[in-house]
Each structure stands twice: as structure tokens, then as C-alpha cells.
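Examination of the molecular architecture
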Amino acid sequence: MHRPQWTAILCTAALAASTSIAFGGVQECAPSPSPPATTPAQQAPAAMPGKPGKQKYSHANDFLIRGTVFTDKAFAFPGVQLRIRKAGEKKFRWESYTDSRGEFAVRVPQGSDYEMVVRAKGFAEQTRTIDARTGANDGNIVFRMQPTAGGKG
């Protein structure tokens, strides 16, 4: 439905009726108010009742852990599992896998030390500590996987 066309038709009809019956002259018709851009259901609530002070988490200050995993023969290693946890914790909070070029990137909250464990079948597990307290990222983290004693599985 095109609201401006209907407004013009209704305004013209009202003008014709009013000029011929009541006023005998020209009268301007005020434009109808345009509908709001969003409906109340689409607008974000100002505050949730029962949850005072709860703010939405912003990823603006996150720390980006990125790097590449290579095989022992220096080829890109796709599909390697990456697990990340805060230093001193037992439970891993983030998990990812390398892409087709052996690359990865994981966002974590800034301000803590993290432990990253890299695993692939037939290769020795590697662990690296990452300092995410400053916010300065010192480049790519590179892993070169070494085959286990039993050979590639």
C-alpha cells in the first residue's frame, strides 16, 4: 500500500467537499503523519525488568589470537583442533579448527592470560601461553606439528 498516493486522493476529496460546501475558497490539506520507521516490537527495550545494570557484551576490545599450523614438512595443516582456556582453569571455553590454509583466528576477552592447546591425529599435542592483558598483538602464532613416535595415524 502506497500511503502518499492515498493521502493525496483523500486530501483532494476533502478539499473539493470543503470548498464547494463550507468555504467557497481554496483550503490546504495538511499531510498525514508518516508511520514510524520501526514498530514498538522492533525497537530495543531500554531496560529489562528484573535485570538492573545488565549490559550487552561488546566485542570492541577483544583480543584476536591468530596464527598458522604447519606439518613437520612445512605444509599448511587444515583441520587441526584448537582449544583455548583461561590460564589456571581446567575447562576449555573456546574451540576452533584451522581452515584449508592451516590458519586460525579466535577472539577472546582482553585482560587475561590464555592457554592454547593444538591437537591433530598422529601428531604430538602442543601448548602455548598467550598474554592478552595488554591488547598489543605481536603477530601470528606459528605451530609446527611433530609426528608422534608411532608415526602418522
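Residues numbered from 1 in each chain as written. Predicted model: local features only at pLDDT ≥ 70, side-chain atom pairs only at ≥ 80, totals over all residues. Heavy atoms only, no water.

**Observations regarding the pattern of salt bridges**
- Following the criterion strictly, the structure yields seven salt bridges and no others.
- Of the charged contacts in the structure, one is a salt bridge between R133 and D113, with a shortest N-O distance of 3.2 Å. Taken as a pair, R133 in the loop between β6 (126-131) and β7 (141-144) and D113 in strand β5 (residues 113-119) lie far apart in primary sequence, 20 residues in all.
- R133 is the partner of D131 in a salt bridge, and the nearest nitrogen-oxygen pair spans 3.1 Å.
- It is possible to trace a salt-bridge network through shared partners that takes in D113, D131 and R133. (Salt bridge = Lys/Arg side-chain N within 4 Å of Asp/Glu carboxyl O. Helix = DSSP H or I, 4+ residues; strand = E, 2+ residues; numbered from the N terminus.)

**As for the nonpolar core**
- Formed by 21 residues in total, the largest nonpolar core has its most connected members in I65 and V69.
- Of all the secondary structure elements, the ones that give two or more residues to this core are β1 (63-70), β2 (81-86), β4 (103-108), β5 and β7.
- Excluding its chain neighbours within four sequence positions, the residues that come into contact with V69 are F75, A76, F77, V80, L82, T98, G102, F104, V118, F143 and M145. (Core = buried A, V, L, I, M, F, W, Y, C linked by side-chain atoms within 4.5 Å. Buried < 20%, exposed > 50% of the residue type's maximum accessible area, 1.4 Å probe, protein only. Contact = heavy atoms within 4.5 Å.)

**Some remarks on the packing of aromatic side chains**
- Within the structure shown, the criterion is met by three aromatic pairs.
- Measuring from centroid to centroid gives 5.5 Å for W94 and Y114, while their planes differ by 80°, and the two rings are edge-to-face. Of this pair, W94 sits in strand β3 (residues 94-97) while Y114 sits in strand β5, and the two are 20 residues apart along the sequence.
- Under the relative-accessibility criterion, Y114 is labelled buried at 0%. (Phe/Tyr/Trp six-rings, centres within 6.5 Å; stacked < 30°, edge-to-face > 60°.)

**Overview of the side chain of T68**
- Relative to the elements of secondary structure, T68 occurs in strand β1.
- Its relative accessible area of 9% is what places T68 among the buried residues.
- Excluding anything up to four places from it in sequence, T68 contacts R101, G102, E103, F104, N140, I141, V142 and F143.

**Focus on the sheet that holds β1**
- Ordered by their spatial adjacency, three strands build an open sheet running β4-β1-β7, and the pairing between neighbours is mixed. Because the sheet does not close on itself, it has two edges, and the strands there are β4 and β7. The average angle at which neighbouring strand axes cross in this sheet is 25°, direction not considered.
- With six bridges joining them, β1 and β4 adopt antiparallel strand pairing. Looking at β4, one finds that T68 is bridged to E103. (Pairing = 2+ DSSP bridges. Axes fitted to C-alpha atoms, helices over the stretch in contact; angles between N-to-C directions.)

**Comments concerning the environment of Q126**
- With respect to the helices, strands and loops of the structure, Q126 is situated in strand β6.
- Residue Q126 is classed as buried on the basis of its relative accessible area, which comes to 17%.
- If we ignore the near neighbours within four places in the chain, the residues touching Q126 are M116, V117, V118, F143, R144, M145 and Q146.
- Within the local environment of Q126, its side chain forms a polar contact with the backbone oxygen of R144, the two atoms lying 2.7 Å apart. (Polar contact = N/O pair within 3.5 Å; in protein donor to acceptor, adjacent residues only side chain to side chain.)

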